[in-house]
Amino acid sequence: MMSYGLTTRVLHADRQGDIEHGAVHKPMHPSAAYRYDDVNDLVGVFQNTRAGYSYARQGTPTTAALEAKVNLLEGGRGTVSFATGMGALAALFTTLLRAGDHLVSSQYIFGNTNSLLGTLQALGVEVSMVDATDAQAVAQAIRPNTRMVFVETIANPGTQIADLAGIGELCRERGLLYVVDNTISTPYLYRPAVHGAGLVMNSLTKYICGHGNALGGAITDTGCFDWSNYPGISEVYRKGDPANWGLMQLRKKGLRDMGATLSSESAHRIAVGAETLALRMERACHNALTLARRLAEHPGVARVHYAGLATHPQHARATEYFGVGVGEGRREPRYGALLSVELAEGLDCLAFLNALDIVVLSTHLGDSRTLALPAAHTIYHEMGPVKRAQMGIPDSLVRVSVGIEDTADLVADFERGLAAVMDVRRPAA
Ligand SMILES: *Cc1c(COP(=O)(O)O)cnc(C)c1O
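Residues numbered from 1 in each chain as written. Predicted model: local features only at pLDDT ≥ 70, side-chain atom pairs only at ≥ 80, totals over all residues. Heavy atoms only, no water.

Caption draft 1: Highlighting helix α11 (residues 277-296). Between its terminal C-alpha atoms α11 stretches 28 Å, which fits the 28 Å expected from 20 residues at 1.5 Å a residue. For α11, the set of buried residues is Leu277, Ala278, Arg280, Met281, Ala284, Cys285, Asn287, Ala288, Leu289, Leu291, Ala292 and Leu295. (Helix = DSSP H or I, 4+ residues; strand = E, 2+ residues; numbered from the N terminus. Expected span 1.5 Å × (residues − 1). Buried < 20%, exposed > 50% of the residue type's maximum accessible area, 1.4 Å probe, protein only.)

Caption draft 2: Broad picture of the pattern of salt bridges. All told, the structure shown has 19 salt bridges when counted by the stated rule. Ionic pairing is found between aspartate 241 and arginine 77, a salt bridge with its closest N-O pair at 4.0 Å. One end of the pair, aspartate 241, is in the loop between β7 (217-221) and α9 (245-257); the other, arginine 77, is in the loop between α3 (61-74) and β1 (78-82), and 164 residues separate them in sequence. Among the ionic pairs, glutamate 415 bridges to arginine 294, the shortest N-O distance being 3.3 Å. With a gap of 121 residues between them, glutamate 415 in helix α15 (residues 407-425) and arginine 294 in helix α11 connect regions that are remote in the sequence. Given a relative accessible area of 29%, glutamate 415 falls into the partly exposed group. Exposure remark for arginine 294: the relative accessible area of 42% places this residue in the partly exposed category. (Salt bridge = Lys/Arg side-chain N within 4 Å of Asp/Glu carboxyl O.)

Caption draft 3: Examining the domain arrangement of the protein more closely. According to the domain assignment, the protein contains domain 1 (6-274) and domain 2 (277-425). Its C-alpha centre places domain 1 at a distance of 28 Å from the equivalent point of domain 2. For the pair domain 1 and domain 2, the summed buried surface comes to about 3,300 Å²; carbon and sulfur atoms form 60% of the total. By the criterion of area lost to domain 2, the three top residues of domain 1 are Tyr188, Leu189 and Tyr207, representing 24% of everything that side buries. The interface formed by domain 1 and domain 2 holds one salt bridge in total. The partner of aspartate 163 in a salt bridge is arginine 317, with the nearest N and O atoms 4.0 Å apart. Viewed at the interface, domain 2 and domain 1 are joined by 19 residue pairs in polar contact (both at pLDDT 80 or more). Elements with a minimum of two residues in the side of domain 1 that touches domain 2: α5 (111-122), α7 (164-174), α8 (186-189) and α10 (264-274). It is α8 that provides the largest number of residues to the side of domain 1 that touches domain 2, a total of three residues. Counted by class, the side of domain 1 that touches domain 2 contains 19 nonpolar, 18 polar and two charged residues. (Domains from an automatic or database assignment. Buried area = accessible area lost by both parts, 1.4 Å probe. Polar contact = N/O pair within 3.5 Å; in protein donor to acceptor, adjacent residues only side chain to side chain. Nonpolar A, V, L, I, M, F, W, Y, C, P; charged D, E, K, R; others polar.)

This is the structure in structure tokens:
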């Protein structure tokens, strides 16, 4: 199977294992517990000397089948799934960092992750937030007790692109664990392992599921990080091949002890969604680029934030990092499906959103449908104006998660919305 393309391998992944009754999909296993005829096998599962399931909080055959697919997408050594992306991040930070450790994080991160870092600080973890578009800023923040560097690939909602290569190089030189949240780029456009990320987090709720009908998260160990020198691994997991230590601790401490376990039902839905990741991303990236170009020229728009535009400050970097193979060793850039728009001075972004017809006014992203919301009024409301300014989120910013609708319909909907608010502004004759 190794020589086949990504979509072929994901589609046929389940069949590589044994599926009951010749089922084409891995079944949903609802059982909370798993039994063995010979108690020695049960003992072996508990002592990690034998593969198998014990209690479903630590996974089921259905979650394992999904983990294999996500792992295949990321080209990893192993993957653990969680109930949500936040469940995955909470498990990652709390099991690998201790009071007195220092974390360097990008300041351009998902709002809830930002809030989670506040919780970590309250537990005694030191956190520095830096402008990760500049690897120098990360380098300057490093302290003797720094253990981990955390970044996102394409920031939401501002679309800043971190210096993923520079930070990877820095982490390798300093022996730091480099963690990348790959949710917005997806493993279809980018594999953080190419720049040395040791752990990759994906919110499966977003593009990988793609249909807004299940929540999930995953952490993949890429095999790039040497766990033998990592002080945060407990004595009990310092056994056998050090390459397995990190994921073992994440599965045992992060999943078993904290219990944010993905249900088999959700795992199945996400696995079905993952089969069409490439198709959906192709269409959504095309729609996003088309829309970004049209909006950038529109008199009702002051600014479009999208790395596919030549005016984006990290356009060249994004062109280098994100793309897909198009045969014969050729590669084409793709810039993702998330963009944000600032309307021209005096135009009311709320009225604009209300004038849209197809676009769904909703939070969430990575859905097949195009979704939009006013970022400062909603997902970044709790943060307040000072923090918003620091994160580069103006009050008029509209975040758009571009879906897979017919391109012309989508462009027409945005033009209709802009025309409606521009009519209001125009003084009466
Ligand atoms: C949505 C999101 C998360 C959290 O994922 P959930 O599945 O919603 O918990 C984390 N990081 C990024 C970049 C996200 O967009």
